[in-house]
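The chain contents come next:
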Amino acid sequence: GDSVTQMEGPVTLSEEAFLTINCTYTATGYPSLFWYVQYPGEGLQLLLKATKADDKGSNKGFEATYRKETTSFHLEKGSVQVSDSAVYFCALIPGGGAQKLVFGQGTRLTINP
Amino acid sequence: DTGVSQNPRHKITKRGQNVTFRCDPISEHNRLYWYRQTLGQGPEFLTYFQNEAQLEKSRLLSDRFSAERPKGSFSTLEIQRTEQGDSAMYLCASSPNAGGETQYFGPGTRLLVL
C-alpha cells in the first residue's frame, strides 16, 4: 500500500545550520507530495508541495524536489532559525483519484540559538 | 476565510461514554476529512466527505465511530462506548473541490478516555 518513511528524530541543530530531513515514499500511482509543519501549540500547516516529478516546492526558505527515480522528497533549508523549531511531516496523496493524505511519522526539529 | 474550526478543543470522558466532536470547514470548501493522531505519530485518515456524501472510510473507523455531514457544511464525528485506545487528537481538514489538493487543518480536538 501507499506509505511514507521519514528520517527519525529528534533533530537538534544550531541556528544558521543547514537542514535536511529525508523522506521516501511508496505509492502505486503518481502521487502528489507535501510537507506539513506543526509549530508548538498550533495546528498542521502546509509548508510546501509538488504535484509531479521534478517539481520543486518552496516556501519560507524551505525547498523539496519531487524525485521519482529515487521516490524521495527531502526537505532542505540553507540556514535554519530558532523559529523553525517544530514537527515536520512528509505526506502524499496517492494518484488515481484518492483524496486522503498519507503521513509519515513526523520529525521533531529543535534549533538552538 | 476564518479557517477550519473544531469544538470542543479538549474532551475528557470515562470509558464507555459517548462523545461527539464538531468540525466547521472553510466556507465553500466541498471536501471535508477526519484524521486521528496519536502521540508521536503522523495523522491517520479516518473518513472523507464530498458535500454531504461520505465517499471513503478507513478500516480504522470501527462500528463505534460514525461521521455525518448532513447539509454539506459542518460535520460531526461520534464515538460510542469509548475505550482508552480512542485517546488521541482528532483532526478535521477541508479542501476546495476544484483544482485543490491542499487540505487545510483545524486545531484538533484532544480526547482523553479515562
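Residues numbered from 1 in each chain as written. Chains lettered and ligands numbered in written order. Predicted model: local features only at pLDDT ≥ 70, side-chain atom pairs only at ≥ 80, totals over all residues. Heavy atoms only, no water.

Engineer: Sorry if this is basic, but what is going on with the overall build of chain A here?
Structural biologist: Of the regular secondary structure elements, chain A holds zero helices and 12 strands. Reading the secondary structure of chain A in the N-to-C direction produces β-β-β-β-β-β-β-β-β-β-β-β. Against the globule reference of 13 Å for 113 residues, chain A gives a C-alpha radius of gyration of 14 Å, in line with a compact fold. For chain A, the residues scored as buried account for 45% of the 113 residues in total. In chain A, of all internal contacts separated by at least 6 residues, the share reaching a separation of at least 24 is 56%. Only carbon and sulfur atoms are counted for the fraction: they give 46% of the accessible area of chain A, which is about 5200 Å². Across chain A, the 9 positively charged side chains and the 11 negatively charged ones have centroids separated by 7 Å. (Helix = DSSP H or I, 4+ residues; strand = E, 2+ residues; numbered from the N terminus. Rg over C-alpha atoms; globule rule 2.2 N^0.38 Å. Buried < 20%, exposed > 50% of the residue type's maximum accessible area, 1.4 Å probe, protein only. Contact = heavy atoms within 4.5 Å. Areas by Shrake-Rupley, 256 points an atom, 1.4 Å probe, with all protein chains shown as cover. Lys, Arg positive; Asp, Glu negative; His and termini not counted. Charge placed at Lys NZ, Arg CZ, Asp CG, Glu CD.)

Engineer: Looking at this structure, I do not really get the pairing of strand E10 (residues 86-93) of chain A. What am I missing?
Structural biologist: Regular strands place side chains that alternate from one sheet face to the opposite one. All names here are of chain A. The buried fraction of E10 is high, at eight of eight residues. The alternating pattern of E10 places Ala86, Tyr88, Cys90 and Leu92 on one face and Val87, Phe89, Ala91 and Ile93 on the opposite face, and all of these are buried. Judged from the seven bridges that link them, strand E5 (residues 32-38) and E10 form a sheet pairing that is antiparallel. Looking at the pairing, phenylalanine 34 lines up with alanine 91 of E10. The pairing of E10 with strand E12 (residues 107-112) spans three bridges and is antiparallel. Each bridged residue has a counterpart across the sheet, and for alanine 86 the counterpart in E12 is leucine 109. (Pairing = 2+ DSSP bridges.)

Engineer: Would you explain the sheet that holds strand E8 (residues 62-65) of chain A in this entry?
Structural biologist: What holds strands together in a sheet is hydrogen bonding between their backbones, with the strands either parallel or antiparallel. Residues and elements named next belong to chain A. Strand order in the open sheet made by the four strands is E3-E9-E8-E7, with antiparallel pairing throughout. Because the sheet does not close on itself, it has two edges, and the strands there are strand E3 (19-21) and strand E7 (56-59). Sheet twist, expressed as the average angle between the axes of neighbouring strands with direction ignored, equals 15°. The pairing of E3 with strand E9 (residues 75-77) spans three bridges and is classified as antiparallel. From the neighbouring strand, threonine 20 faces E9, where its bridge partner is glutamate 76. (Axes fitted to C-alpha atoms, helices over the stretch in contact; angles between N-to-C directions.)

Engineer: Would you explain the pattern of salt bridges in this entry?
Structural biologist: Between side chains of opposite charge, pairing is possible as soon as their charged atoms come close. Within the structure shown, the criterion is met by seven salt bridges over all chains. A salt bridge links lysine 52 of chain A to aspartate 55 of chain A, with the shortest nitrogen-to-oxygen separation between them at 3.4 Å. For aspartate 55 of chain A, a relative accessible area of 22% corresponds to the partly exposed category. A salt bridge links arginine 22 of chain B to aspartate 24 of chain B; the shortest N-O distance between them is 2.7 Å. Residue class for arginine 22 of chain B comes out partly exposed when judged on its relative accessible area of 34%. (Salt bridge = Lys/Arg side-chain N within 4 Å of Asp/Glu carboxyl O.)

Engineer: For this particular structure, what's the right way to read a nonpolar patch on the surface?
Structural biologist: Residues and elements named next belong to chain B. Together, Ile12, Leu112 and Leu114 make up a nonpolar patch on the protein surface, roughly 300 Å² of accessible area in all. Within the secondary structure, isoleucine 12 is located in strand E2 (residues 10-13). Residue classification places isoleucine 12 among the exposed positions, given a relative accessible area of 58%. (Patch = residues over 30% accessible without salt bridge, like charges linked within 9 Å, V, L, I, M, F, W, Y side chains within 5 Å.)

Function cannot be read off these values alone, since they describe shape.
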